[in-house]
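# Descriptive analysis of the structure
For reference, the chains in residue letters:
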Amino acid sequence: MNKAPGTAGFMAMKGDGYYSKATIGAKHVMDKAANLVLEAVARMDPVDDGSIFRATDMGAADGGTSVDLWRRVFADVRARVPSRPIEMTYTDLPRNDFAQVFRMIHGQTDTQSYYPEIEDLYVFASGTSFHQNIFPAQTLDLGFSATASHYISSTPCNITDHVHMVGASGAERDAFTRQGATDWETMLLQRTRELKHGGRLCLFNFGIDEEGRYLGDTGGVSMFDTFNRFWSQLADDGVISRDEYLNTNFPQHYRTVEEFTAPLNDKNSPVYQAGLRLEHVETRVVRCPFEQDFTENHKDAARFATEYLPTLRSWSEATFLGGLDAGRGEAERQAIMDEFYGRYQASVAAAPEGHAMDYVHAYLICSKEV
């Protein structure tokens, strides 16, 4: 049964190109690790037999952050298998701005598209969660997802005194851990079913590294604690209700390397038994580009705050909007968002030291062996 997950009902990155313009750090993550995908294709050693070479970018948002990675990958695939048509499918949740994906692909934005550069290339989209079936069995050559699979299919509970699982404890933290494990196994099983024998799955995932670092918390001011502080402050000030605060929970689970690799290393797990094998795993921290530019170049705190906040807003706003009462009008909802992010921006401008959204990822390359 293809039941739509709860997260799919409200989650989307900000549209009209906002996401990729604001979130250049996510692009840096992919550009710096594109060699991992190219090496996976080389190990795949695809046969030039005239069949369709199918690839997918899951959780792609507007496609702008991965465009240069795919330029390199598809140029490599085309050189290896000149007779094979290449089929590319961008996937994301139903509320995603797929129109922006196709505007980008067809050169109607200021992002340079790879589409005119690759012969015999066909681009499609699927508004389907990666927790569900996306492709028929054994039809996918190359699966890719970056900065996306930390999203879980639904939030298992409200977090009493925080907005993200990294700030949860006790039974609430355990509930997110269980949901994260279930959804991770489901996602891997779906992709294993879809991959051809010898196909590759390349996943660059937000997680918690060996030193306990995660997105926006690498030794300075904690981004999620700051989100929580200002959201709770709005409740204290009567801008939102206490119930709205409690109902605001990021549908995310940040996994450790052990959690990522458990289904791939345990010979008794359904994922391992289905034939998916771990080829490579590592963690990396990619520095926040806005903080780096501020500390190494312009040193203008107000400019840093103005440039920094949109990257936070591009992916987090849907969660905060989702916590608001459905009876609020659109103008009121947007005014609350402006007040919330405005307070965050003012705090960064007043005391910028320590603020940064450094990217902490676990990079996994998997192969379908059975």
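The coordinates are above.
Below, the structure is looked at part by part.

## Let's talk about the overall build of the protein chain
Each helix and strand in the protein chain was counted, giving 12 helices and 8 strands. Principal-axis analysis of the C-alpha atoms places the extent of the protein chain at approximately 65 × 45 × 40 Å. Within the protein chain, buried positions represent 56% of all 370 residues. For the protein chain, restricting intrachain contacts to residue pairs at least 6 apart in sequence, the fraction spanning at least 24 positions comes to 81%. Of the roughly 14500 Å² of accessible surface on the protein chain, a fraction of 49% belongs to carbon and sulfur atoms. Distance between charge centres in the protein chain, computed from 35 positive and 52 negative side chains, equals 3 Å.

## Focus on the pattern of salt bridges
Applying the stated criterion across every chain, the model contains 28 salt bridges. The partner of Arg213 in a salt bridge is Glu211, with the nearest N and O atoms 3.5 Å apart. A relative accessible area of 25% places Arg213 in the partly exposed class. Overall, the relative accessible area of 63% leaves Glu211 in the exposed class. Ionic pairing is found between Arg328 and Glu244, a salt bridge with its closest N-O pair at 2.8 Å.

## Things to note about the packing of helix H2 (residues 24-44) against helix H3 (residues 67-80)
Relative orientation of the contacting elements H2 and H3 amounts to 15°, with a least axis distance of 8 Å. Between H2 and H3, the angle is such that the two are roughly parallel. Between H2 and H3 lies a crossing whose hand is right-handed. On H3, the residues touching Lys27, Met30, Asp31, Ala34, Val37, Leu38, Val41 and Ala42 of H2 are Asp68, Leu69, Arg72, Val73, Asp76, Val77 and Arg80. Its residues placed into classes, the contact of H2 with H3 shows 9 nonpolar, no polar and 6 charged.

## Things to note about the packing of aromatic side chains
All chains considered together, the criterion is met by 28 aromatic pairs. Judged by centre distance (5.9 Å) and plane angle (35°), the rings of Phe230 and Tyr344 are tilted. Note that Phe230 is positioned in helix H6 (residues 223-236) and Tyr344 in helix H12 (residues 330-350), a separation of 114 residues in sequence. Classification of Phe230 by relative accessible area gives buried; the value is 5%. By relative accessible area, which is 0% here, Tyr344 ends up buried. Between Phe294 and Phe304, the ring centres sit 4.9 Å apart and the planes meet at 10°, which makes this aromatic pair stacked. In this pair, Phe294 is assigned in helix H10 (residues 289-298) and Phe304 in helix H11 (residues 301-323), connecting sequence segments 10 residues apart.

## Regarding H12
Its 21 residues place the ends of H12 30 Å apart at the C-alpha level, agreeing with the 30 Å of an ideal helix rising 1.5 Å per residue. Residues Arg333, Ile336, Met337, Phe340, Tyr341, Arg343, Tyr344, Ser347 and Val348 constitute the buried set of H12. An end-on view of H12 places all buried positions within 140° of arc, on one side of the element. Opposite the buried face of H12, by more than 90 degrees, sit the exposed residues Ala331 and Ala350. In this structure, the buried side of H12 is in contact with H6 and H11.

## A closer look at the side chain of Thr56
Residue position: Thr56 is located in strand S1 (residues 53-58). Leaving out residues up to four positions away in the same chain, Thr56 has contacts with Trp70, Met88, Thr89, Thr91, Phe135, Leu140, Leu142, Gly143 and Phe144.

## Quick notes on the state of the cysteines
The tally for this structure, following the rule as stated, stands at 0 disulfides. Here Cys366 is not cross-linked by a disulfide; its sulfur's nearest cysteine counterpart is in Cys202, at 8.3 Å.

## As for the pairing of strand S4 (residues 140-146)
Counting buried positions along S4 gives 7 out of 7 residues, so the element sits mostly inside the fold. Bridge count for S1 against S4 is 4 bridges, and the pairing is parallel. Residue pairing across strands places Asp57 opposite Phe144, the latter belonging to S4. One ladder, built from 6 bridges, connects S4 with strand S5 (residues 195-208); its direction is parallel. Its bridge partner lying in S5, Gly143 is registered against Leu201. Once the chain exits S4 it traverses helix H5 (residues 170-194) before rejoining the sheet at S5, and the crossover so formed is right-handed.

Cut-offs used in this document
- Residues numbered from 1 in each chain as written.
- Predicted model: local features only at pLDDT ≥ 70, side-chain atom pairs only at ≥ 80, totals over all residues.
- Heavy atoms only, no water.
- Helix = DSSP H or I, 4+ residues; strand = E, 2+ residues; numbered from the N terminus.
- Buried < 20%, exposed > 50% of the residue type's maximum accessible area, 1.4 Å probe, protein only.
- Contact = heavy atoms within 4.5 Å.
- Areas by Shrake-Rupley, 256 points an atom, 1.4 Å probe, with all protein chains shown as cover.
- Lys, Arg positive; Asp, Glu negative; His and termini not counted.
- Charge placed at Lys NZ, Arg CZ, Asp CG, Glu CD.
- Salt bridge = Lys/Arg side-chain N within 4 Å of Asp/Glu carboxyl O.
- Axes fitted to C-alpha atoms, helices over the stretch in contact; angles between N-to-C directions.
- Parallel < 35°, antiparallel > 145°, perpendicular 65-115°, else oblique.
- Left-handed = near helix turned anticlockwise from the far one by under 90°.
- Nonpolar A, V, L, I, M, F, W, Y, C, P; charged D, E, K, R; others polar.
- Phe/Tyr/Trp six-rings, centres within 6.5 Å; stacked < 30°, edge-to-face > 60°.
- Expected span 1.5 Å × (residues − 1).
- Arc of directions from axis to C-beta.
- Disulfide = S-S within 2.5 Å.
- Pairing = 2+ DSSP bridges.
- Right-handed = clockwise from strand over helix to strand, strands pointing away.

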